[in-house]
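# Inside the fold
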Protein chains: 2
Amino acid sequence: MMRGAASGMDKSLDDRVGGDRKVTCFGRSESLPFQTLSPELLVALGAIGRPKTLACDEVLVAAGEQPGIVGFVMDGVLRMEKTLIDGQRQIVGLLVAGDMFGRVFDGAFPFSVEAATECEICSFPKTRFETLLEGSPELERVLLLNQLNELDSAREWLGLLANHRTIDKVAGFLVFLHRRWAHLAETRKQPELGTLIDLPISRLDMAEALGTRTEGISRAFHALQDRKLITIVTPYRFVIHDFDELERMSGLSESESEIDARAAMRAAHTLR
Amino acid sequence: MMRGAASGMDKSLDDRVGGDRKVTCFGRSESLPFQTLSPELLVALGAIGRPKTLACDEVLVAAGEQPGIVGFVMDGVLRMEKTLIDGQRQIVGLLVAGDMFGRVFDGAFPFSVEAATECEICSFPKTRFETLLEGSPELERVLLLNQLNELDSAREWLGLLANHRTIDKVAGFLVFLHRRWAHLAETRKQPELGTLIDLPISRLDMAEALGTRTEGISRAFHALQDRKLITIVTPYRFVIHDFDELERMSGLSESESEIDARAAMRAAHTLR
DNA sequence: CCGCGTCATTGATGATCGTCAATCGGTCGC
DNA sequence: GCGACCGATTGACGATCATCAATGACGCGG
C-alpha cells in the first residue's frame, strides 16, 4: 500500500519478471495480459503497479465515476454490473485472471466493478499508466487486442441472453465459462466422469447475468441434471457430462479449435 | 426464404446522398471516425481507401472468414450477426455512419456483416491499413477509442436483452437508436408532436436483435401506441411522445447528458 | 448445541411469450 | 389493373417464466 514507486525504474529491477518478491504484480501467471511485453516495459509497469486484495463484494469502481486506476485481475472473479433505475441489477461481464479493468483516455465508466469472490488485482494509477502508454505503441497494441477480446466476450454473452428458454441460457453459460476459463484452476478434466467445473458466483449473480431469476436458474440446473447432461455436486460445483449437447442447446457454435486458433493468431501478432 | 427490408423503406432511405462519385472517402460527414486525424494521415488513408456501394442484404464479411478489408460506414445500416447451429440468427450489433467494421491484427471474424439497407462504405485493404497503423500511434489511438465505443454499445445492448418483457426491450431499443443515431438524418425533432424516428430495419431484424419474434415486436409497438408513448406512422416510422417513460421501462439509466459528456471527453483526447 | 440468517430449492399460480394460422396491406411483375 | 408475393398484423392456444410463498441446507456466532 505504501510502497514508494518514486525511485522509479532502477529500484524495480529486482521486482521484474521472475522475481519472487510479493510486491510485484508480474511473473506469476501465464495468462496475464502483459506477458508478451518487452522486459523494459514490464519493469516500468512493475514500478507503478500495486497488488491489492479485495474482499468479496468490495466495490472497486463505482458506476458513473471516473476511476483513477486501471489494472488487471490476478486471482478471483469480479463482476461488471449496472444498477437500473428500478433497483434491478444487470451483470454485463465477469472478470477473471488476466482480464483488464478500467479505461484509458476516457471519462466516467458506466458500470461498477465489484468483487464477486475474494480477489487479487494489480492496479496502476491511471495517469501514470497513460503516460507510459503515450510512449509505447507496444503497450497500446496490447490494449487494443485486449479490447477485441472483451468485445468477443460481450457479444458471446449477447448470444446467451438471446436464448428464449432459460435452460438454454444456463447451458450456454456453462460452455461460456469453460471456454473462457478452461486454463484456470476452476476446471479439471476427469475422462470417466466428465469435466469438473467450480462456479465462482452465486445463483443471484447468475440470474442477473442471464436476465432471469434465481428460481429459474435453480430449476434449469436440475432440469439439466434430469437430462443426464450434468451432475450437481454442490450448488457451486458441477460435473459436465455432455458438452456437445450443452453447446447445441445454447446455440454457441464456435468450436474450441476455432477459439484456440484465434487466440494463437493474436498471440503471434502481439509477439511480432 | 428471401429476407430483407421492405422495398418501401428502401425508397425512404434512398436518394439521400445523391450520386456523386468521389474517389475519396473523406470530407463529407462530420461523424467519421477519422475526422480528427492529421492531414498527412488522411491523405495516406485516402490513397488506399475505396468507396463502395452495397445492395440490401449483400454480404460484406462472411462469419468465420478472415476478412481482407477493414473500413467504416458512410451511409446506410449494416448488421453484425451470427447464424446459430439451428439456423436461428442473432444480431449482435448494428453499424451506422461512422462505425468501423473489420479487425486489424486478428484472424477470423466470428460474425458476418451484411447490409441491412443499401449502404455506402469505405474499405481499406487490411494489410495496407495495418502497415499504416504500424507507423502511426495516432491512428491506433483512434482505433482504441473506437473499440471502447463498440464495447459500450454491446453492453448497452446486453441491458436491453436482459429485460423480461418484450415491450420493455422494444422501448429500450428505441431509446438506444435515438441515443446512438440522434446525429444522423433518421431522426427529426418536432416539439409539438415529439421526435420522429425512422427505423432502418425490418421487424425480423429487430426480433433477431432483441431475442424475440416478429409477432412480439409488432404487439409491443402497438402496446406502446395504446399507452400513448409512441405513434406508429408506418411500420418503419414512429413518433416518440414520451422518451422518459420509454427509458424508465427499459431500465437504461444513462442520461443523454452523460453520453454527451463521455463523447466530448473522447473527442478531446483524440484531438490532444 | 442451539438459534439465526443466508442462500438454494421446491411448489403453485397468473402473466407473458412462442407458435401456428389467418388476414391485411403494399409492391412488383405482367 | 390484376394477381402473386412479402412483410406486418391479429387471433388463439400451449409452453415457459416471473412471482409469491414455503421449505430445506448450511454456516456462523453465542
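Residue numbers here run from 1 along each chain, matching the order of that chain's written sequence. By the order in which they are written, chains take letters starting at A while ligands take numbers starting at 1. In view of the model being predicted, local features appear only for residues whose pLDDT reaches at least 70, and side-chain atom pairs are presented and counted only at 80 or more, with totals across whole chains, interfaces and linings using the full set of residues. Heavy atoms from the whole structure form the basis of all side-chain values; hydrogens and water molecules are not counted.

## Comments concerning the overall build of chain A
By definition, any uninterrupted DSSP run of H or I lasting at least four residues is a helix, any uninterrupted run of E lasting at least two residues is a strand, and each is numbered from the N terminus. The helix and strand tally for chain A stands at eight helices and 12 strands. Taking all 272 residues of chain A together, 56% fall into the buried category. We call two residues in contact when some of their heavy atoms are within 4.5 Å. For chain A, long-range pairs separated by at least 24 residues make up 69% of all intrachain contacts whose partners lie at least 6 apart in sequence. Per-residue accessibility takes into account occlusion by the displayed protein chains alone, with areas from the Shrake-Rupley method and a 1.4 Å probe. As displayed, chain A has an accessible area near 11700 Å², and 52% of this comes from carbon and sulfur atoms. Under the scheme applied here, a residue whose accessible area is under 20% of the maximum for its type counts as buried, over 50% as exposed, and between as partly exposed, the area being computed with a 1.4 Å probe on protein chains only.

## Looking at the sheet that holds strand S3 (residues 69-75) of chain B
Residue and element names in this part refer to chain B. What makes two strands pair is DSSP finding at least two bridges between them. If you walk across this open sheet you meet the four strands as S1-S8-S3-S6, and the pairing is antiparallel. Two strands close off the open sheet at either side, each with one partner strand: strand S1 (50-54) and strand S6 (100-101). The pairing of S3 with S6 spans two bridges and is antiparallel. Bridge assignment links Gly71 to a residue of S6, and that residue is Phe101. Set on the sheet, helix H3 (residues 126-134) makes contact with S3 and strand S8 (119-125); between it and S8 the angle comes to about 65 degrees. In this analysis, axes come from line fits to C-alpha atoms, helices being fitted only over the stretch in contact, and the angle between any two N-to-C directions falls in the range 0 to 180 degrees.

## Remarks on the relation of the copies chain B and chain A
Its rotation angle being 180 degrees, the transformation that places chain B on chain A also includes 0.1 Å of axial translation and leaves an RMSD of 0.1 Å. Expressed as an axis order, the relation between the two copies is that of a two-fold axis. Both copies share a contact surface, since 100% of the interface residues of chain B are interface residues in chain A too. Copies overlap after least-squares fitting; the atoms used are the C-alpha atoms of residues with pLDDT of at least 70 in both.

## Some words on the pattern of salt bridges
What makes a salt bridge here is a side-chain nitrogen of Lys or Arg within 4 Å of a carboxyl oxygen of Asp or Glu, nothing more. Scanning the entire structure with this criterion turns up 37 salt bridges over all chains. The salt bridge partner of A:Glu81 is A:Arg89, with a shortest N-O separation of 3.2 Å. For the pair A:Glu81 and A:Arg89, a shared accessibility class is recorded, and that class is buried. Of the charged contacts in the structure, one is a salt bridge between B:Asp106 and B:Arg103, with a shortest N-O distance of 3.2 Å. Here B:Asp106 falls in the buried class, since its relative accessible area comes to 0%. In this structure B:Arg103 comes out as buried when scored by relative accessible area, which is 4%. Within the structure, one salt-bridge network assembled from shared partners comprises A:Asp57, A:Arg79, A:Glu81, A:Arg89, A:Glu114, A:Asp205 and A:Glu208.

## Focus: the environment of A:Leu193
All names here are of chain A. Looking at where Leu193 falls in the secondary structure, it is placed in the loop between strand S9 (187-190) and strand S10 (194-198). When the C-alpha positions of Leu193 and Val239 are compared, they lie 7.3 Å apart, and in sequence the two are 46 residues distant. When near neighbours in sequence (up to four residues on either side) are disregarded, Leu193 contacts Val239, Ile240 and His241.

## Focus on the interface of chain B and chain A
Contacts between the two partners involve 51 residues from chain B, matched on the other side by 51 residues from chain A. Using a 1.4 Å probe, buried area is obtained as the accessible area two parts lose upon being combined, added over both of them. For the pair chain B and chain A, the summed buried area comes to about 4900 Å², and 59% of that belongs to carbon and sulfur atoms. The tally of links between chain B and chain A comes to eight salt bridges. B:Arg103 is the salt-bridge partner of A:Asp152, the closest N and O atoms lying 2.7 Å from each other. Pairing of N or O atoms within 3.5 Å defines a polar contact, subject to two protein rules: one partner must be a possible hydrogen donor and the other a possible acceptor, and residues neighboring in sequence count only if both atoms are side-chain atoms. Counting every contact that joins chain B to chain A gives eight residue pairs in polar contact (both at pLDDT 80 or more).

## As for the protein's contact with DNA strand D
In these notes, residues near a molecule or strand are those with any non-hydrogen atom within 4 Å of it. Contacts to DNA strand D come from 19 residues, most closely from A:Thr166, A:Arg213, A:Arg219, B:Arg203 and B:Ser218. Near-protein atoms of DNA strand D (within 4 Å) split between backbone and bases, with sugar and phosphate holding 75%. Between a phosphate oxygen of DNA strand D and a main-chain N or O atom of A:Thr166, the distance comes to 2.4 Å. For DNA strand D, a phosphate oxygen lies 2.8 Å from a polar atom in the side chain of A:Arg213.

## Side note on the packing of aromatic side chains
Aromatic ring pairs are defined here through the distance separating the ring centres and the angle between the ring planes. Pairing of aromatic rings covers Phe, Tyr and the six-membered ring of Trp, with a centre-to-centre limit of 6.5 Å; geometry is then stacked below 30 degrees between planes, edge-to-face above 60, and tilted otherwise. Across all of its chains, the model carries 20 aromatic pairs over all chains by this definition. Judged by centre distance (5.9 Å) and plane angle (75 degrees), the ring pair of A:Phe109 and A:Phe111 falls under edge-to-face. The two residues A:Phe109 and A:Phe111 agree in class, both being buried. Measuring from ring centre to ring centre gives 5.4 Å for B:Trp157 and B:Phe176, while their planes differ by 70 degrees; the resulting arrangement is edge-to-face. Here B:Phe176 lies in helix H5 (residues 166-181) and B:Trp157 lies in helix H4 (residues 137-162), a separation of 19 residues in the sequence. Judged by its relative accessible area of 3%, B:Phe176 falls in the buried class. Three or more aromatic residues joined by ring pairs form one cluster here, namely A:Phe34, A:Phe72, A:Phe124 and A:Phe129.

## Remarks on helix H2 (residues 126-134) of chain A
Because an α-helix completes one turn every 3.6 residues, residues spaced three or four positions apart along the sequence face the same direction. Residue and element names in this part refer to chain A. Every buried residue of H2 is accounted for by Lys126, Phe129, Glu130 and Leu133. Across the axial projection of H2, the buried residues extend over an arc of 100 degrees, all falling on one side. In H2, the exposed positions angled more than 90 degrees off the buried face are occupied by Thr127 and Thr131. Contact partners of the buried residues in H2: helix H1 (39-48), strand S3 (69-75), strand S8 (119-125) and helix H3 (137-162). When we speak of the arc, we mean the arc of directions from the helix axis to the C-beta atoms.

## Some thoughts on the environment of B:Leu148
If you trace the backbone, B:Leu148 turns up in helix H4. If we skip the residues at most four places from it in the chain, B:Leu148 touches A:Arg103, A:Val104, A:Asp106 and A:Gln147.

## Here we look at the sheet that holds S3(A)
Residues and elements named next belong to chain A. One open sheet holds the four strands; their spatial order is S1-S8-S3-S6, and the pairing between them is antiparallel. In this open sheet, the two edge strands, each paired with only one partner strand, are strand S1 (50-54) and strand S6 (100-101). Where S3 lies against S8, six bridges are found, and the strand directions are antiparallel. Opposite Asp75, over in S8, you have Glu120 as the bridge partner.

## Considering the confidence of the model for chain A
Confidence of the predictor at the level of single residues is given by pLDDT, which spans 0 to 100. Across chain A, pLDDT averages 82, with 78% of residues at or above 70. Note that pLDDT drops below 50 for residues 1-22 of chain A; the model gives that stretch 29 contacts with residues more than four away or on any other chain.

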